[in-house]
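# Close look at the chain arrangement
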Amino acid sequence: MKPVFVLLVTTAWTLTGAQYYYQGLMDYLENRLSAIEDRMQLWHEQSHRYHTEMLDFKKLTAEAMDGLRNEHSVLFKDLEGAAVRVDRMEREMDYVEAQTSPRACANKADKVVEQGAWGLESRGEEEQEEDWEELHSRVSDCVEIISGIRSVKILKRVGSPKGMWTRDPRSSKVYVFNETSGDSLYQFNSVRDFSRSPGVTGSRQIRLPSEWSGTGSAVYNGYLYYIQQAADMDIEVVKYDLLSGSVTDIAMFPVESHATVYSLNPETVADLAADDEGLWLLYANSDSEPNINLAKMDPATLDIEQIWDTRCPRENAEAAFVVCGTVYVVYNTRLASRSRVQCLFDVNDMVISQEAPLIYFPRRYGAHASLKYNPEEKQLYGWDDGYQIIYRLTMKRKLLV
């Protein structure tokens, strides 16, 4: 009987241990599932809270964006109003400057001209005719003077801050000189072609046999006239035939040193200008010379016909141009501001003090690197901080003849 009893006890013990094992496992699994459920509930609560906070933040962001849009709209309107006021202020400044600024200096014998022009009323008719003939024997047929700038057209922006562009008065071709020195230039068939071209593409590149220096080149009657600095202290004026592509003449112009003609554009040692009367050269004799000198040149032979001291100072000068034998020197400041014609010189002694123009250029970007006059169009071709600008001019007669 003992073996049977032992077997039964062993079997009962085995069944009881298995139940305990499975019960423990079930308890463990229930505890783990309960922990997972608690965590899921916590995650759900946190997710709900984050979602609510995100909605609140989105609402606050939308309200802030609406406020920023309103403020931007108000600021934009304020800026538009400020631009209108600035434009009005510039026009008022132009008017005030024209009424109160010191007049541009006319440095020739104004008093003598005034007496010759206005003193005729007290003379007899025969004496008046003789005086008129004597007065006008000193001048050419060109008797126009600039009275103001009619309009400004900013054509495009090509190239470096300093350069020069011009148009041949005898054709429609336009020539672009990028930078202040080089051995090539760009030719366009017209101003329209130049304005429509991206950069200088579509142009004809002309390579010269020598380098041009400064922004003082000129194109006149199919020829290019440019400045070349020699190894010594002389300035060379080179005449280049644009049609045949050859140099036809070179003239040496002796100076004491490589003095710059304009203090604000030190790269330009001399400036060639063309007008109704021909070709001119603006230069300085030496660094110690305070004024700009003017020479009349024969465009065919490059001979110097006559030389004048304009008495227009080089200091703070940025550019100059010649119209009907009258030199207009444009001045500025070291920190570029409004360019203005502040000195005027007439080789024909025709400009009286009352007619000296007060010309202020509209402020655009910086300062002019060059200004070239076209007598056929009555326009100035300006280069301002890489922008090519056209100034249309209004003219009047120097004297009532």
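Now for a quick tour of the structure.

About the criteria used
Residues numbered from 1 in each chain as written. Predicted model: local features only at pLDDT ≥ 70, side-chain atom pairs only at ≥ 80, totals over all residues. Heavy atoms only, no water. Disulfide = S-S within 2.5 Å. Helix = DSSP H or I, 4+ residues; strand = E, 2+ residues; numbered from the N terminus. Salt bridge = Lys/Arg side-chain N within 4 Å of Asp/Glu carboxyl O. Buried < 20%, exposed > 50% of the residue type's maximum accessible area, 1.4 Å probe, protein only. Pairing = 2+ DSSP bridges. Axes fitted to C-alpha atoms, helices over the stretch in contact; angles between N-to-C directions. Core = buried A, V, L, I, M, F, W, Y, C linked by side-chain atoms within 4.5 Å.

All told, the structure shown has two disulfides when counted by the stated rule. Between the sulfur of Cys-142 and that of Cys-324 lies a disulfide, 1.6 Å long from S to S. Here Cys-142, found in the loop between α3 (125–136) and β2 (144–157), pairs with Cys-324, found in the loop between β15 (317–323) and β16 (326–331); they are 182 residues apart in sequence, far enough to count as distant. Between the sulfur atoms of Cys-312 and its disulfide partner Cys-343 the distance amounts to 2.2 Å. Residues Cys-312 and Cys-343 share a disulfide whose torsion about the S-S bond is about -80 degrees; that sign makes it left-handed.

Should the charged atoms of two oppositely charged side chains come close, the side chains can pair. Counted under the stated rule, the structure contains 10 salt bridges. The salt bridge partner of Lys-372 is Asp-271, with a shortest N-O separation of 2.7 Å. With Lys-372 in strand β19 (residues 368–374) and Asp-271 in strand β11 (residues 270–275), this residue pair connects regions lying 101 residues apart in the sequence. The pair Lys-372 / Asp-271 is uniform in exposure class, with both members buried. Through salt bridges with shared partners, a single network forms among Glu-144, Asp-276 and Lys-378.

Taken in spatial order, the four strands of this open sheet run β11-β12-β13-β14, and their pairing is antiparallel. In this open sheet, the two edge strands, each paired with only one partner strand, are β11 and β14 (304–313). Direction aside, neighbouring strands of the sheet carry axes that sit 25 degrees apart on average.

Right, let's talk about the nonpolar core for a bit. Judged by nonpolar contacts, the single largest core of 21 residues is most densely connected at Ile-146, Phe-321, Val-323, Tyr-328, Phe-361, Leu-371 and Leu-380. Of all hydrophobic cores here, the second largest spans 19 residues; its members include Tyr-225, Val-237, Leu-279 and Met-297.

Moving on to the sheet that holds strand β10 (residues 246–254). Here four strands make up an open sheet; going across it, the order is β7-β8-β9-β10 and the pairing antiparallel. What marks the edges here is a single partner per strand, and that holds for β7 (218–220) and β10. Across this sheet, the average inter-strand angle for adjacent strands is 25 degrees, counted without regard to direction. Bridge analysis of strand β8 (residues 223–229) against strand β9 (residues 234–241) gives seven bridges, and the strand direction is antiparallel. When the sheet's bridge partners are listed, Tyr-223 is paired in β9 with Asp-241.

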